[in-house]
Amino acid sequence: MAELTYRDAVTRAIAQEMSRDPDVIFFGEDVAKPGGVFKTTVGLYEQFGPRRVRDTPISEQAILGAAMGAAMTGLKPIAEIMFSDFFAVCFDYIANEFPKSRYMSNGQLKCPLVVRTANGAGSRFGAQHSQSVENWAMMIPGLKVVAPSTPRDVIGLMAAAVRDPDPVIFFEHKSLYATKGEVPDGEIVDTLGSAKIVRPGKDATILALALMVPRALDAATRLKREHDIDCEVIDVRSLVPLDTRAILGSVARTHRVFTVEENPRLCGWGAEIVSIIADEAFYDLDGPPVRITTPHIPLPAADTLEDLVLPTPDRIVETVRRSLSA
Amino acid sequence: MAKKKNRAPTTALANAGPNDDIGEETRRRLYEVQVIIREAEQRAFDLFLQNLVKGTSHLSLGQEAIAAGFAVAMRPSDLSFCTYRGHAHTLARGVPIEKVLGELMQRDNGLMRGKGGSMHLTSVEHGVMGSYAIIGAHLPIACGAALRAQYKGADDVSVCFFGDGTTNIGAFHEALNFAAVWKLPVVFVCENNLYMEYTPIGEVTAVAHPAADRASAYGLERIVIDGNDADAVYRVAQTAFARARAGEGPSLIECLTYRHSGHSRADPAKYRPEGELERWKERDPIKIYRERLIQFGFEETAIAAIEANVRRMVEDATATCKAAAPPAVEILFSDVYADGGWAWRN
């Protein structure tokens, strides 16, 4: 057991998989010799050499297209898109090519690849380098979508993603890179499609993802201490496949549900989950499901403004408290 | 600055003689493949008029020499990446006509059992790694397949076919740079049929030769060939493939040709200047190649036998497809994910 940062967990995860399987290659912009703009891939170039760890030009379409071509012919590429906002310039691969090739070819083509990307706000980068775009990927049939919140999950879910036979979009949160967590020694492999109860509770279920998980946990601690409200916090971890069983099971116990979403309001992942709960667990509920999201606006750059719009522990505490006392 | 107009090139019938580099059997095959494409595409058009080909279709009538020349020069392990105008390249790799027509007719016997349609023909067992309907998308994908070959030390070449219109989209430029920087064994083949969909390519492109005039930007040789002469195509393919297999990197080849039909089935091609089609039909690749065979001593009866055999194959394929059932409903939810199903939740 060792304490590791989320950033170093990314490096360890990729190294673990590259050591295991010589068909795993890794490329992206500034990822090899420079070690990544977020220093998430430092040392991989030195460890695995220039054939397996490569710097690309600033060509997001070429990066994702090449990953797909390599994947469909037998390699297991990990491709980095530096900021998830840049998905917009290579969205053809994410929306049209990776997820549809197997279906359109009636199962002839395969696409086992991982696209990893830095997602989310908190760095004061403004509206084009801070977005949470996991819902862009979630809406497309044929993709798998994960977003770890801890160093241990970074390694376990990355290993699961690399070993998965489908295209996986792997959202790292840039505001979590410096956070630390306990990580067991040896190989770590998780499974895609499993949520995790990170704090058991009986009065309400709080569903969170990535950076919103530590905020939800912080809020749950305060809700218990200050208001005697005992919240269960679930780290959703995987949007596709979605662990609806864990979510519905929790709602059946607590009878109240809150989502904490960093994405802008419309069509956020919580909307889909709330609709599933409404369809399948309506009579388990003692009150309306509540979504706590970033408002439907582009993100501002200024720290004081950005802090006002992302869901915070304060806002979660206040929303849960008010809803449960209504 | 006045731009040079693309004109039908005139190629003298050189190299005729006993020391020919192509040889009798290859020539026979080059002709046969062109005739297969011509007859199958013509049949696809006829079936469309009978409302038996549904959806859209983009025919390669008039462009057969390019598909034939490259495919005949390929090894079985080489990979083809096509556009939505991909029937020709699929047939050229040896995919049975009934599989292609079946997919166009959206029957259960089609290449992808009706799940892909005319624009996405794929036959991995024949090296046809997909037909891509988003302009430019497959150039980077071909780079990735070539990257795998380079990484694994395999000697296969990825061959990527696209139209003149593709040269103005970003993925074209990203892929060429990427392939050149990494010296990937990929051959980019631009089929310049003078029209990007409905608009003349010259009206929307800064240079006269949309592919070849961009080659120097990526350190590549400027190559323009007569795309209606299967021998010229075959020769340039051999050179490019040898270069790729030797680790010398990508090639970009612009093949001048002409589309006899409209862009898609919805397009009657009224935008063409009067007489243009007729002038190009004088340079019909199949007409050229038939004369070539005679010149090289093929008997008229041998040529007629090739043609009759292909026509019979097309008739048989048509009958098979007409009798085939529509796709089985149970495939609707199959192969979304690698486990064979479509489940996104538990």
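This text goes with the structure placed above it.
Residues numbered from 1 in each chain as written. Chains lettered and ligands numbered in written order. Predicted model: local features only at pLDDT ≥ 70, side-chain atom pairs only at ≥ 80, totals over all residues. Heavy atoms only, no water.

> Quick one: what's the story with the nonpolar core, residue by residue and with numbers?
Counting 142 residues, the largest nonpolar core has Leu-64 and Phe-98 of chain A together with Phe-81 and Phe-188 of chain B as its most contacted members. Sort the elements by how many residues they give to this core and helix H3 (residues 60-72) of chain A lands first, with nine residues. For this core, the domains that each give at least three residues are domain 1 (2-183) and domain 2 (196-325) of chain A. Not counting residues within four places of it along the chain, the set of residues in contact with Phe-98 of chain A comprises Leu-64, Met-68, Tyr-93, Cys-111, Leu-113, Val-115, Leu-143 and Pro-167 of chain A. (Core = buried A, V, L, I, M, F, W, Y, C linked by side-chain atoms within 4.5 Å. Buried < 20%, exposed > 50% of the residue type's maximum accessible area, 1.4 Å probe, protein only. Helix = DSSP H or I, 4+ residues; strand = E, 2+ residues; numbered from the N terminus. Domains from an automatic or database assignment. Contact = heavy atoms within 4.5 Å.)

> How would you summarise the interface of chain A and chain B if you had to cite specific residues and measurements?
Contact residues are listed per partner, giving 51 residues for chain A and 41 residues for chain B. In total, about 4000 Å² of surface goes out of reach between chain A and chain B, with carbon and sulfur atoms giving 58% of it. Three residues stand out in chain A for area buried against chain B, namely Tyr-103, Met-104 and Asn-106 of chain A, and they jointly supply 17% of the buried area on that side. A salt bridge links Lys-152 of chain B to Asp-23 of chain A, with the nearest nitrogen and oxygen atoms 2.6 Å apart. The interface formed by chain A and chain B holds 26 residue pairs in polar contact (both at pLDDT 80 or more) in total. Tallying contributions element by element places H3 of chain A first for the side of chain A that touches chain B, with nine residues. Residues belonging to the side of chain A that touches chain B are distributed by class as follows: 22 nonpolar, 14 polar and 15 charged. (Buried area = accessible area lost by both parts, 1.4 Å probe. Salt bridge = Lys/Arg side-chain N within 4 Å of Asp/Glu carboxyl O. Polar contact = N/O pair within 3.5 Å; in protein donor to acceptor, adjacent residues only side chain to side chain. Nonpolar A, V, L, I, M, F, W, Y, C, P; charged D, E, K, R; others polar.)

> Explain the packing of helix H5 (residues 138-152) of chain B against helix H6 (residues 170-181) of chain B to me, using residue names and the numbers behind them.
Residues and elements named next belong to chain B. The N-to-C vectors of H5 and H6 enclose an angle of 20°; their axes lie 8 Å apart at closest approach. Put simply, H5 runs roughly parallel to H6. Two packed elements cross with a definite hand, and for H5 against H6 that hand is left-handed. Facing Leu-139, Pro-140 and Cys-143 of H5, the residues of H6 in contact are Ala-171, Phe-172, Ala-175, Phe-178 and Ala-179. (Axes fitted to C-alpha atoms, helices over the stretch in contact; angles between N-to-C directions. Parallel < 35°, antiparallel > 145°, perpendicular 65-115°, else oblique. Left-handed = near helix turned anticlockwise from the far one by under 90°.)

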